[in-house]
Amino acid sequence: MRFDLTDLKLFVHIAESGSITAGAQLAHLALPSASARIRGMEQALDVPLLQRGRRGAEPTEAGRALLHHARAIARQVNDMQADLAEFASGLKGRIRLLCNTSAMTEFLPDALAAFLAAHPQLGIDLEERLSRDIVQAVAEGAADIGIVSDAANAEALQTFAFRDDRLALVMARSHPLARQYRRRSSIRYADALAHDFIGLAGDSAFQQYAAGQASRLGLHMHCKIRLRSFEAVCRMAASGAGLALMPETAARRSADADRLLVLKLNDEWADRKLLICVRDLDALPRHARQLVAALRRD
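Per chain, residue numbering runs from 1 following the sequence as it is written. Predicted model: local features are reported for residues with pLDDT of at least 70 only, side-chain atom pairs are reported and counted for 80 or more only, and whole-chain, interface and lining totals are derived from all residues. As a convention, hydrogens and water are excluded, and side-chain values are obtained from all of the structure's heavy atoms.

### Here's the deal with the side chain of E42
Then, in step 1: Topologically, E42 is positioned in helix α3 (residues 31-45).
Then, in step 2: By the criterion applied in these results, polar contacts are pairs of N or O atoms within 3.5 Å in which, for protein atoms, one can donate a hydrogen and the other can accept it, and in which residues neighboring in sequence qualify only through two side-chain atoms. Here L50 takes part through its backbone nitrogen, which lies 3.4 Å from a polar atom of the side chain of E42.
Then, in step 3: Residues in contact with E42, not counting those within four places in the same chain, are V47, P48, L49, L50 and R52. A run of H or I in DSSP counts as a helix once it spans at least four residues, and a run of E counts as a strand once it spans at least two, with each numbered from the N terminus. Contacts are assigned to residue pairs with any non-hydrogen atoms lying within 4.5 Å of each other.

Following this line, the structure appears as structure tokens:
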């Protein structure tokens, strides 16, 4: 059997994207060439590696075994490149970092800016996902590092404290609910869900989390409008258009903070802590270990 790195990277891209076409694009290969490489791998192993269907391509049991080894080889290559980057200009390491919305918007920009300034030879592939999906991706080796809420079940991973992330309910001081809670400092989520909300765009991991918590209460979170950032949500909430659920830090630093009433949520799930998670810290490429160390210090 003779596989090269291009074959293995192509297979990883296909498995993660669920599509031969998308995998070929990510590997910078023409579709016929990508298909030929996959057929060649299956012929060499004498076993099907992908199950093709209407919804795309999924690894077979043999394919999942190959995917595990292909990811391990890719990590080793990245580690080698990082070690040689000090000696050979032009070689760059990349780190795949998955995080939830709060980490993406509130805490990582400053931390990552400082890290990248100190390590100009490195790059970071940053992607927002739900915490439970991040845990699965890190466990499967599809990401180097994850940042998740402590509500996610990450017992199978190594975790390190990152940030406190308490959620709050935000509204204009003129909102009818604000008049009821003007002399209080907290509110139950269930007591707010009878009102209209301003939310984040539908693909936001945070918005999915907020809607999921409403569903667990047997209630529905009705969003009049969805915006792309917490700052825009604060601006809309300050106008009286609706309530908003967000990290307390985002509400306090908003340019419209003086026009907002910020109430802490009494619900236990709202008092969150963010965790850095990895599958095996010692097995990570050196540049990924350096990022974990920087985030822990920060």
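Here the narrative resumes, following the displayed structure.
### A word on a positive patch on the surface
Then, in step 1: Residues with no salt bridge and a relative accessible area higher than 30% make up the patches, which join like charges within 9 Å and nonpolar side chains (Val, Leu, Ile, Met, Phe, Trp, Tyr) within 5 Å. Residue burial considers only the protein chains on display, and all accessible areas are found by Shrake-Rupley using a 1.4 Å probe. Between Lys or Arg on one side and Asp or Glu on the other, a salt bridge is scored when a side-chain nitrogen of the former is within 4 Å of a carboxyl oxygen of the latter. Only four residue types enter the tally: Lys and Arg on the positive side, Asp and Glu on the negative side, with His and both chain ends excluded. Positions of charges follow a simple convention, taking NZ of Lys, CZ of Arg, CG of Asp or CD of Glu. A contiguous patch of positive charge on the surface is contributed by R173, R179, R182 and R183.
Then, in step 2: Along the chain, R182 turns up in the loop between α7 (176-181) and β7 (186-187).

### Focus on the state of the cysteines
The bond known as a disulfide is covalent and runs between the sulfur atoms of two cysteines.
Then, in step 1: Criterion for a disulfide: a pair of cysteine sulfur atoms at a distance within 2.5 Å. As enumerated under the stated definition, the model contains zero disulfides in all.
Then, in step 2: Of the cysteine sulfurs around C223, a residue in no disulfide, the closest is that of C234, at 14 Å.

### A word on the packing of aromatic side chains
Then, in step 1: Centres within 6.5 Å are what make two rings of Phe, Tyr or Trp a pair, Trp counting through its six-membered ring; a difference in plane orientation under 30 degrees is then read as stacked, over 60 as edge-to-face, and the rest as tilted. Using the criterion set out here, one finds five aromatic pairs in the structure.
Then, in step 2: Taking the centre distance of 6.4 Å and the plane angle of 85 degrees together, the rings of Y189 and F197 count as edge-to-face.
Then, in step 3: Each residue in the set Y189, F197, Y209 and W269 is aromatic and connected to the rest through ring pairs, giving one cluster.
Then, in step 4: For a Lys NZ or an Arg CZ to count as sitting over a ring, it must be within 6 Å of the ring centre and within 35 degrees of the ring normal. Taking the ring centre of Y181 as reference, the NZ or CZ of R184 above it sits at 4.5 Å.
Then, in step 5: Cation over ring: R272 sits above Y209, and NZ or CZ is 4.9 Å from the ring centre.

### Overview of the pattern of salt bridges
Then, in step 1: In this structure the tally under the stated criterion is 15 salt bridges.
Then, in step 2: The salt bridge partner of R129 is E127, with a shortest N-O separation of 3.0 Å.
Then, in step 3: We classify E127 as partly exposed; its relative accessible area is 30%.
Then, in step 4: With a shortest N-O distance of 2.9 Å, D191 and R188 are connected by a salt bridge.
Then, in step 5: Exposure is judged per residue with a 1.4 Å probe applied to protein chains only, and the accessible area is read against the type maximum: over 50% gives exposed, under 20% gives buried, and values in between give partly exposed. By relative accessible area, which is 30% here, D191 ends up partly exposed.
Then, in step 6: Here the salt bridges do not stand alone but share partners, grouping E16, R71, R96, E127 and R129 into one network.

### Structural notes on the nonpolar core
Then, in step 1: The term nonpolar core refers to a set of buried residues drawn from Ala, Val, Leu, Ile, Met, Phe, Trp, Tyr and Cys, joined through side-chain atoms within 4.5 Å. L169, Y189, F197, L245 and M246 are the most contacted members of the largest nonpolar core, which totals 41 residues.
Then, in step 2: With six residues, the single largest contributor to this core is helix α10 (residues 230-238).
Then, in step 3: L112, L274, V278 and A294 belong to the second largest nonpolar core, which has 25 residues in total.

### Focus on the pairing of strand β8 (residues 197-200)
Regular strands show a simple pattern: their side chains alternate between the two faces of the sheet.
Then, in step 1: Sheet topology places β8 next to strand β9 (residues 223-227); four bridges connect them, and they run parallel. Residue F197 lies in a different strand from β9, and its bridge partner there is C223.
Then, in step 2: Orient the strands so they point away from the viewer, and a crossover whose first-strand-to-second-strand path over the helix runs clockwise is right-handed. The parallel pair β8 and β9, bridged by helix α9 (residues 205-216), forms a crossover whose chirality is right-handed. Pairing between strands requires that DSSP locate at least two bridges from one strand to the other.

### Observations concerning α10
Then, in step 1: Along α10, the positions that sit buried rather than exposed are F230, A232, V233, C234, A237 and A238.
Then, in step 2: Of the residues trailing α10, G240 is marked for its positive phi of about 95 degrees.

### Observations concerning the environment of A143
Then, in step 1: Note on placement: A143 falls in the loop between α6 (131-139) and β5 (145-149).
Then, in step 2: Judged by relative accessible area, A143 falls into the buried class, the value being 6%.
Then, in step 3: Sequence spacing of A143 and E127 is 16 residues, and the spatial spacing of their C-alpha atoms is 9.9 Å.
Then, in step 4: In this structure A143 touches R96, L98, A137 and V138, once residues within four positions along its chain are discounted.

### Quick notes on the packing of helix α5 (residues 101-118) against helix α12 (residues 286-297)
Then, in step 1: Contact geometry for α5 and α12: axes closest at 10 Å, N-to-C directions at 130 degrees. In terms of orientation, α5 lies oblique with respect to α12. In the crossing of α5 with α12, the sense of the turn from one axis to the other is right-handed. Where α5 abuts α12, its residues L108, A111, L112 and F115 lie against H287, Q290, L291, A294 and L295.
Then, in step 2: Its residues assigned to classes, the contact of α5 with α12 shows seven nonpolar, two polar and no charged. Axes here refer to lines fitted to C-alpha atoms; in helices the fit is confined to the stretch in contact. Angles between the N-to-C directions go from 0 to 180 degrees. In these notes the angle categories are as follows: under 35 degrees is roughly parallel, over 145 is roughly antiparallel, 65 to 115 is roughly perpendicular, and the rest is oblique. A clockwise turn of the near helix away from the far one marks a right-handed crossing, whereas an anticlockwise turn of less than a right angle marks a left-handed crossing. When residues are grouped by polarity, Ala, Val, Leu, Ile, Met, Phe, Trp, Tyr, Cys and Pro land in nonpolar, Asp, Glu, Lys and Arg in charged, and all others, Gly among them, in polar.

### Topic: the packing of helix α1 (residues 5-17) against α3
Then, in step 1: Between α1 and α3, the shortest axis-to-axis distance is 10 Å and the interhelical angle comes to 105 degrees. One way to sum up the angle between α1 and α3 is to call them roughly perpendicular. Taking contact as the criterion, the partners of T6, D7, L8, L10, F11 and I14 in α1 are, on α3, A34, R37, I38 and M41.
Then, in step 2: Classifying every residue of the contact of α1 with α3 by side-chain character gives seven nonpolar, one polar and two charged.

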